[in-house]
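Okay, here's what each chain looks like letter by letter:
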Amino acid sequence: MSNTINSKNVLVCQEDKSKLTEIRNALKAIGCNVITCSTCREAMDTCIKSLIDLLILDLNLPDGNGMTVIDFIRSFNNKLPIVVVTSRSNIESKVMAFEAGANDYVTKPFNMLELIARVKNQFRYLAVEDKHVLTNGPLVIDYDAKTVFVNGVEVHFTNFEYKIVVLLAQNIDKTLSHDYIISHIWGENGQDPNGLRVFMAGIRKKINKDPRSSKVLRTDVGLGYRMNSVD
C-alpha cells in the first residue's frame, strides 16, 4: 500500500480534544476524509447516516462506554474496521473489545506513526478480504466508487437511495422491517414508513429495467423489504 489512502472516510471518536485533533491531522496527511465526534450517540448516528470506511474509537466517552458503540455497529455491519484507541490498558478491557468485534486495540500514550500503520493494515486486510464489489444478477454495486450498475448501465441514485440499496445488499435474502431500515438510514424518528415507501418506489423505478432485474427487490407486505439473490 502506498503512503497515502485516498478518499477513505474515517470516523474518529475521542473525548480528548487535543488527541482527536492530532489523529485527525495525521489521517488527513495520508489522504483520508475525516469526520470527528466525542460521544457514543454521535458515533452511532454518524455510522448510520454516513458511509464510513473505518472507525477509531475511544472507550471512555462522556455519555457512556465506547463498547456500546461496537455492539451497536456489529448488530448490522460486520465488516467496518474498528480500531480502539484508549487509555484502558488492562487485559480485561482488551479481551472485551476484541470479543465485541474490535479489529485492533491501541493503548494511550502511543506513537502516531504506529497508529497510522495499524490503520493502513486494516485497509489492506479489507482490500484482500473484500473487493468492494457486489454482483447480484444484473445488479452490481461498487462500494469504493459508490456506484450502482444494472445490466452494465450506471444507475444514478440519491444519497439516501444508495444507502438503502447498500443496506439491503448487506442483508441479502433477509427481510428488513420498515423500522429497521429507517433507524439505520435516518436514525430514530428520522423518517416515517410512508416516506420510506417513496424512496423504495424511486429505487424500484431505477432498477426495474427488465423482467430479470425486477426480481432483485421484493416487498413483503406488512413486514418490510428485501433484496433477493438472483442468478
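Throughout what follows, the structure given in this document is the object of discussion. All of these numbers come straight from a predicted model, not from anything done at the bench. Residue indices begin from 1 for each chain and proceed along its sequence in written order. The model is predicted, so local features are restricted to residues of pLDDT at least 70 and side-chain atom pairs to those at 80 or more, both for listing and for counting; the totals for chains, interfaces and linings are taken over all residues. Each side-chain value is worked out from all heavy atoms of the structure, with water and hydrogens disregarded.

1. Focus: the packing of helix H6 (residues 159–170) against helix H8 (residues 193–207)
Next, step 1: Every axis corresponds to a line fitted to the C-alpha atoms, with the helix fit spanning only the stretch in contact, and the corresponding angles, defined between N-to-C directions, vary from 0 to 180 degrees. Elements are defined by DSSP. Helices are runs of H or I of four residues or more, strands are runs of E of two residues or more, and each kind is numbered from the N terminus. Across the interface, H6 lies against H8 with an axial gap of 10 Å and an inter-helix angle of 80°. One element, H6, and the other, H8, form an angle in the roughly perpendicular class. Each of Phe160, Glu161, Ile164, Val165 and Leu168 in H6 lies in contact with H8, whose residues at this interface are Leu196, Phe199, Met200, Gly202, Ile203 and Lys206.
Next, step 2: Ten residue types, Ala, Val, Leu, Ile, Met, Phe, Trp, Tyr, Cys and Pro, are classed as nonpolar, four, Asp, Glu, Lys and Arg, as charged, and the remainder, Gly among them, as polar. Its residues assigned to classes, the contact of H6 with H8 comprises eight nonpolar, one polar and two charged. Under this scheme an angle from 65 to 115 degrees is roughly perpendicular, one under 35 degrees roughly parallel, and one over 145 degrees roughly antiparallel; angles in between are oblique. Throughout, a residue-residue contact means that at least one pair of heavy atoms, one from each residue, lies within 4.5 Å.

2. Re helix H2 (residues 40–49)
Side chains that are three or four residues apart share a direction in an α-helix, a result of its 3.6 residues per turn.
Next, step 1: A 1.4 Å probe rolled over the protein chains alone gives each residue an accessible area, and that area as a share of the maximum for its type sets the label: buried under 20%, exposed over 50%, partly exposed in between. Listing the buried residues of H2 in full gives Cys40, Ala43, Met44, Thr46, Cys47 and Ile48.
Next, step 2: Here the buried face of H2 lies against strand E1 (9–13), strand E2 (33–37), strand E4 (60–61), strand E5 (64–65), helix H3 (67–74) and helix H7 (178–185).

3. Some remarks on the packing of H6 against H7
Next, step 1: Relative orientation of the contacting elements H6 and H7 amounts to 125°, with a least axis distance of 10 Å. The orientation of H6 relative to H7 falls into the category oblique. Crossing hand, H6 versus H7: right-handed. Residues Phe160, Lys163, Ile164, Leu167 and Leu168 of H6 lie in contact with H7, whose contacting residues are Tyr180, Ile181, His184 and Ile185. The handedness criterion is simple: a crossing whose near helix is rotated anticlockwise from the far helix by less than a right angle is left-handed, and one whose near helix is rotated clockwise is right-handed.

4. Brief notes about the pairing of strand E6 (residues 82–86)
Next, step 1: In terms of residue burial, E6 counts as a mostly covered element, since five of its five residues are buried.
Next, step 2: The alternating pattern of E6 places Ile82, Val84 and Thr86 on one face and Val83 and Val85 on the opposite face, and all of these are buried.
Next, step 3: A pair of strands is considered paired only if DSSP assigns at least 2 bridges between the two. Of the strand pairs in this sheet, strand E3 (residues 54–57) and E6 are connected by three bridges, and their pairing is parallel. From the neighbouring strand, leucine 55 faces E6, where its bridge partner is isoleucine 82.
Next, step 4: The pairing of E6 with strand E7 (residues 104–107) spans four bridges and is parallel. The residue bridging valine 84 from the neighbouring strand is tyrosine 105, located in E7.
Next, step 5: Taken together, E6, helix H4 (residues 91–100) and E7 constitute a β-α-β crossover, and its handedness is right-handed. For a crossover, the right-handed case is the one in which the path from the first strand over the helix to the second runs clockwise, viewed with the strands pointing away from the viewer.

5. Focus on the packing of aromatic side chains
The geometry of an aromatic ring pair is captured by the separation of the ring centres together with the interplanar angle, meaning the angle of the planes.
Next, step 1: Each Phe, Tyr or Trp ring, with Trp reduced to its six-membered ring, pairs with another whose centre is within 6.5 Å; inter-plane angles below 30 degrees give stacked pairs, above 60 give edge-to-face pairs, and intermediate values give tilted ones. Taken as a whole and judged by the stated rule, the model has three aromatic pairs.
Next, step 2: Considering the side-chain rings of phenylalanine 72 and phenylalanine 76, the 5.4 Å spacing of their centres and the 75° angle between planes classify their relative orientation as edge-to-face.
Next, step 3: Both rings, one in phenylalanine 160 and one in phenylalanine 199, keep their centres 6.1 Å apart while their planes meet at 75°; by these two values the pair is edge-to-face. Placement of the pair is phenylalanine 160 in helix H6 and phenylalanine 199 in helix H8, with a sequence separation of 39 residues.

6. Notes on the layout of surface pockets
Next, step 1: The distinction between a cavity and a pocket rests on a 1 Å grid over the protein atoms alone: a 1.4 Å probe fits inside a cavity but cannot get out, while a pocket stays open yet meets protein on both sides within 12 Å along at least five of seven lines, and a residue with an atom within 4 Å of a point counts as lining. Grid points are joined across faces, edges and corners, and a volume is the space filled by probe spheres set on the points. The space that makes up the largest pocket amounts to roughly 730 Å³.
Next, step 2: Lining the largest pocket are 30 residues; nearest its centre among them are Ile52, Asn77, Tyr143, Val166 and Gln170.
Next, step 3: For the lining of the largest pocket, the secondary-structure elements that each account for two or more residues are H2, H3, H6 and H7.
Next, step 4: Looking at the lining of the largest pocket, the element that brings in the most residues is H6, giving six residues.
Next, step 5: Counted by class, the lining of the largest pocket contains 15 nonpolar, eight polar and seven charged residues.

7. Remarks on the sheet that holds strand E11 (residues 153–155)
Next, step 1: In space, the four strands of this open sheet follow the order E8-E9-E10-E11, with antiparallel pairing throughout. With one partner strand each, in any of the chains shown, strand E8 (133–136) and E11 form the two edges of the open sheet. On average, each strand axis in the sheet is tilted by 25° relative to the strand beside it, whichever way the strands run.
Next, step 2: On top of the sheet, H6 reaches E8, strand E9 (139–142) and strand E10 (147–150); it is set at about 105° to E9, its chief contact.

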